[in-house]
Amino acid sequence: MKFEALRDFLEEKYQQYNQPGFIENDPVCIPHLFSKKQDIEIMGLWASVLAWGQRGTIINKCKELVVMMDQAPYDFIMNHKSADLKVFLKFKHRTFNATDTLYFIEFFKTFYKKHESLEEAFLQGHSKSAMNVEGALSGFHRMFFSLEDYPERTKKHISTPARNSACKRLNMFLRWMVRKDKKGVDFGIWKNIKPSQLVCPCDVHVDRVGRKLGLIDRKQTDWQTAVELTENLKKFDPKDPVKYDFALFGMGVEEKF
């Protein structure tokens, strides 16, 4: 497909899927249950980390967590007593279990005691002049596992470019927090990372469609693949390349493209 035709095609599909109706059946509906910034951040991170498998199951599991936190995640995390944590011993989604859940709660509590926004955890390794969020993701990984006696098993749930992971879930979370447009799917509540620095979340659907459209050449799917895809998308919109995640994911899931 020629450049102009592909650009117009992606733009059309972006407009088609970047709509309020997209929210209901996507994990992004979980942070949309809240208006407080910290609630959006906490449940946004959790929803993105748990986002593998069927979307309906992911959404139900996240809602289960919300109920366990009395419908007020930030308030619960900052004010809970030890006895309140017993209910989380039953929580499980795929390989994410009670140990992981309790560590997430401990990290959030420790972090929010010192910081107002989770954005600050991603700014540790980030530079305003950086090409992308590689440093932000690596810095967040280091901070997330900076607590004493963190469970080694939880490392499989928080990816890092340092291990050459495509970091699909965290890139999706950053898209939610950083991007802002008039459609209302993404929140745009973080201001220190530019949309042009985001990296496209590269899941199986996006990867498959991206390859069919000639946007990915690399054989494997890793960090460099996600960067390659994003750099190609920048040719169509250098300021907001990750908006095309809607197009690639939508075509992959809804249209089996």
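Report on the accompanying structure. Predicted, not measured: the structure shown is a model, and the values here were computed from it.

1. With respect to the environment of Met1
Part 1 of the reasoning: Tracing the backbone shows Met1 in the segment before helix 1 (3–17).
Part 2 of the reasoning: Along the backbone, Met1 and Phe140 are 139 residues apart, and their C-alpha atoms lie at a distance of 38 Å.
Part 3 of the reasoning: Setting aside anything within four residues of it in sequence, one finds Met1 in contact with Leu6 and Phe9.

2. Considerations on the packing of helix 1 against helix 11 (residues 245–254)
Part 1 of the reasoning: Axis separation between helix 1 and helix 11 bottoms out at 8 Å; the angle between their running directions is 75°. For the element pair helix 1 / helix 11, the angle class is roughly perpendicular. In this structure, helix 1 uses Phe9, Leu10, Lys13, Tyr14 and Tyr17 to contact helix 11, whose residues at the interface are Phe246, Ala247, Leu248, Gly250, Met251 and Glu254.
Part 2 of the reasoning: Class assignment of the residues belonging to the contact of helix 1 with helix 11 gives a composition of eight nonpolar, one polar and two charged.

3. Comments concerning the side chain of His157
Part 1 of the reasoning: When you line up the elements, His157 lands in the loop between helix 7 (134–144) and helix 8 (168–178).
Part 2 of the reasoning: Apart from residues lying up to four places away in sequence, His157 is in contact with Val49, Trp52, Thr95, Phe96 and Asp100.

4. Considering the environment of Phe187
Part 1 of the reasoning: Its location among the elements puts Phe187 in the loop between helix 8 and helix 9 (204–212).
Part 2 of the reasoning: Phe187 sits in the buried class, given a relative accessible area of 10%.
Part 3 of the reasoning: In the structure, Phe187 is positioned 13 residues away from Leu174 in sequence and 9.9 Å away in space, judged by C-alpha atoms.
Part 4 of the reasoning: Leaving out residues up to four positions away in the same chain, Phe187 has contacts with Val28, Pro31, His32, Ile40, Trp176, Met177, Arg179 and Lys180.

Conventions used here
- Residues numbered from 1 in each chain as written.
- Predicted model: local features only at pLDDT ≥ 70, side-chain atom pairs only at ≥ 80, totals over all residues.
- Heavy atoms only, no water.
- Helix = DSSP H or I, 4+ residues; strand = E, 2+ residues; numbered from the N terminus.
- Contact = heavy atoms within 4.5 Å.
- Axes fitted to C-alpha atoms, helices over the stretch in contact; angles between N-to-C directions.
- Parallel < 35°, antiparallel > 145°, perpendicular 65-115°, else oblique.
- Nonpolar A, V, L, I, M, F, W, Y, C, P; charged D, E, K, R; others polar.
- Buried < 20%, exposed > 50% of the residue type's maximum accessible area, 1.4 Å probe, protein only.

None of this, on its own, says anything about what the molecule does.
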